[in-house]
Amino acid sequence: MFKRRLNLYYILLILVSLIISGLIITQTSVNNYKLQVENELKTNAGAAVHFIEEINPDNLNTFANDFSKKLNLFVDDDHSVRVTVIQDDGIVLGDSDADYTTMDNHRLRPEIIDASKNEYGVSVRKSSTTNIEYMYLAAELNSGNYVRLSVPLLHIKSIISTIYLYTFIAIIFSLAVAILIGWRLSILFSEPIAKLSAHSLEVSMGNLSHRISHEPRQNELSRLIDSYNEMTNKLETAFSDISDKNRELSTLLNTINESILAVGANYNILFANKKIKSLPGFDLVETGGNLSHIKNSSILNLIEETMKFKGAVKKEISSFGLILSCFSSYFELDEGGGVIVSIQDITRIKHLESLRYEFVSNVTHELTTPLTSIKGFIETLKEGAIKDTATAMKFLNIIEFESERLSNLINDILTLSSIENDTNVIVSEVVNVSNVADDALILLSNSISDKEISVSNNISNRIKVSADANRIKQLFINLIDNSIKYNNYGGSIELYSVEKSGLVEIHIRDTGIGINEKDLKRLFERFYRVDKGRSREMGGTGLGLSIVKHIAMLYNGAVSVKSTLGEGSDFCITFPLSG
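Cut-offs used in this document
- Residues numbered from 1 in each chain as written.
- Predicted model: local features only at pLDDT ≥ 70, side-chain atom pairs only at ≥ 80, totals over all residues.
- Heavy atoms only, no water.
- Helix = DSSP H or I, 4+ residues; strand = E, 2+ residues; numbered from the N terminus.
- Contact = heavy atoms within 4.5 Å.
- Buried < 20%, exposed > 50% of the residue type's maximum accessible area, 1.4 Å probe, protein only.
- Phe/Tyr/Trp six-rings, centres within 6.5 Å; stacked < 30°, edge-to-face > 60°.
- Lys NZ or Arg CZ within 6 Å of the ring centre and 35° of its normal.
- Pairing = 2+ DSSP bridges.
- Patch = residues over 30% accessible without salt bridge, like charges linked within 9 Å, V, L, I, M, F, W, Y side chains within 5 Å.
- Areas by Shrake-Rupley, 256 points an atom, 1.4 Å probe, with all protein chains shown as cover.
- Salt bridge = Lys/Arg side-chain N within 4 Å of Asp/Glu carboxyl O.
- Axes fitted to C-alpha atoms, helices over the stretch in contact; angles between N-to-C directions.

1. What about the environment of Asn 44?
Alright, step 1. With respect to the element layout, Asn 44 can be found in helix H1 (residues 2-55).
Alright, step 2. Other than its neighbours up to four places away in sequence, Asn 44 contacts Phe 67, Leu 71 and Leu 149.

Okay, here's the thing in structure tokens:
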């Protein structure tokens, strides 16, 4: 391809040079010919002026014909001189080639206008009567009239044709020589350049190991190839080092648990690790993109602030329901400054801190209440109430009740802690849900009898789940115990199951007092009580339903409740079916 182009350019150069030379020679020859004709016309015009002024002929038309014949005595018809005598107002007084009486007024002819100002007036144009290009030359007489001589420029065509012919012959000969020389030059230059081109293509495609093989010669092209091979070798080494470092850095930044974003001076994204895509509003962010892909205005404002003040900024940002700890720092590069932002999702940490604070506060409150009561009654007994047997027994019963409640609270806290710690070590076995429910009902049979509650276990005997039987029993005990405590005397409790595409719903429905709708959302929170006073009277710790929720979650289950105030509640636990 390069060889063809080299030959083509070489031939085009010769061709253009010859054409330009031919045009210059043609134009020069034409101009010289016109100058020669003009000089001859000036000589003849001077003679015509002299004769007219000396002879002063009566008939100027006759003079024009006679003078024209004398001038053309030794000239062929194609190159004869035409003589015209024109009055100062432009009326033709005589002409050697045409009927002067029918000719147009010549006052505005260019040569007449120029002759009125200068010694002579010259113009070249086609004649309106003969349609042939003429050179017109006019001279002014002393009387104010004009004598004009004109001659056809037929020699110009002959001159141009001759020049074109020789130019064409020169072009053919030169092209033949150019093709021969160009072919030889293309062999000398095109092969090394073709190799360089092919090598450059390989390098541009990332193949830096490619080298150009050639025979060493003492010329510039050979040295150029050697230099190019050396440069490629250094590039390969440099790119290999850079790639290794970039790979290490990218791997490091992609494995850390924080979202990293680097932004350049033009607000283009220099780097974005994989972790950042998990944040809402950053799913379209890519290295090499721009900030328009970030849909988080708080982060954009942080980047703008850091870029403006060229320092470091640390902020906690609430966005899309998350709490983000952000640290941004300004840095300088050769092409300008930039900002690197480290983003950590601390939503769970903040939530756990809040839960921990709330839990400690609730535990403190729940422990303080029975301890204060026990301490108060003991002091009362010490002060003499112990001598009153009836009062002493009443106080001791209260102390016993509060101690039992305190013990239950500690046990529930330990149970909840144990469940949460079991999330990494889960004991599973195939559990028959109906049998476990029967075991729980047996344990609570006295409480059921005391309130004369009718209980029916309609859970299918074929329902089996993968779980710890003791945990499932505890779940049933907590739920059934609640259904007993908040049920009416003579009420009922029904246990039943519903199978739905690989899942089982276990329902515990009662006819108790029900739960207000506003309390349903918080029912499974730790220490949350619908009726705090009544719950404490019944010995409740406020942790029973929270334990139920965590047991269900431990085995990939879930718990929910539907309730109508005054009509009862329906607790539903969903588990995956075993096998």
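2. Some details on the side chain of Ser 259
Alright, step 1. Along the polypeptide, Ser 259 turns up in strand E6 (residues 259-263).
Alright, step 2. With a relative accessible area of 3%, Ser 259 lands in the buried category.
Alright, step 3. If sequence neighbours within four positions are ignored, Ser 259 has contacts with Asn 273, Lys 275, Ile 276, Leu 279, Val 341, Ser 342 and Ile 343.

3. Comments concerning the packing of aromatic side chains
Alright, step 1. By the definition in use, this model includes three aromatic pairs.
Alright, step 2. When the ring of Phe 51 is compared with that of Phe 67, the centres are 6.1 Å apart and the planes differ by 65°; the resulting orientation is edge-to-face. In this pair, Phe 51 sits in helix H1 while Phe 67 sits in helix H2 (residues 60-71), placing the two residues 16 residues apart along the sequence.
Alright, step 3. Its relative accessible area of 6% is what places Phe 67 among the buried residues.
Alright, step 4. Against the face of Tyr 136 rests Arg 125, its NZ or CZ located 4.2 Å from the ring centre.
Alright, step 5. Cation over ring: Lys 451 sits above Tyr 489, and NZ or CZ is 5.4 Å from the ring centre.

4. Some details on the pairing of strand E9 (residues 322-333)
Alright, step 1. Pairing of strand E8 (residues 312-319) with E9, which is carried by eight bridges, proceeds in the antiparallel orientation. What sits directly across from Val 313, in E9, is Ser 328.
Alright, step 2. Hairpin remark: E8 followed by E9, antiparallel, with two residues in the connecting loop; positive phi at Phe 320, about 55°.
Alright, step 3. Bridge analysis of E9 against strand E10 (residues 336-345) gives 10 bridges, and the strand direction is antiparallel. Looking at E10, one finds that Cys 326 is bridged to Ile 343.

5. Points about a nonpolar patch on the surface
Alright, step 1. A surface patch of nonpolar side chains, about 550 Å² in accessible area, is lined by Leu 165, Tyr 166, Phe 168, Ile 169 and Ile 172.
Alright, step 2. Inspection of the secondary structure puts Tyr 166 in helix H4 (residues 154-204).
Alright, step 3. Residue Tyr 166 is classed as exposed on the basis of its relative accessible area of 57%.

6. Here we look at unusual backbone geometry
Phi is mostly negative for residues that are not glycine, and the peptide bonds are mostly trans.
Alright, step 1. For Asn 56, which is not glycine, the phi torsion reads 55° and is therefore positive.
Alright, step 2. Inspection of the secondary structure puts Asn 56 in the loop between H1 and H2.
Alright, step 3. Looking at Asn 56, the relative accessible area reads 57%, which means it is exposed.
Alright, step 4. One non-glycine residue, Glu 452, lies in the positive phi region at around 50°.

7. Thoughts on the sheet that holds strand E3 (residues 120-126)
Alright, step 1. Spatial ordering of the open sheet is given by E2-E1-E5-E4-E3, a layout of five strands whose pairing is antiparallel. Single-partner strands in this sheet number two, and they are strand E2 (92-95) and E3. Between one strand axis and the next, the sheet turns by 20° as a mean value, whatever way the strands run.
Alright, step 2. Pairing of strand E4 (residues 133-140) with strand E5 (residues 146-152), which is carried by seven bridges, proceeds in the antiparallel orientation. Counterpart to Met 135 in the pairing with E5 is Val 151.
Alright, step 3. Across the sheet, H2 is in contact with strand E1 (82-86), E2 and E5; its angle to E2 comes to roughly 35°.
Alright, step 4. Sheet strands touched by helix H3 (residues 110-117): E1, E3, E4 and E5. Its angle to E3, the strand with the most contacts, is close to 170°.

None of the figures reported here should be taken as evidence of function without further support.
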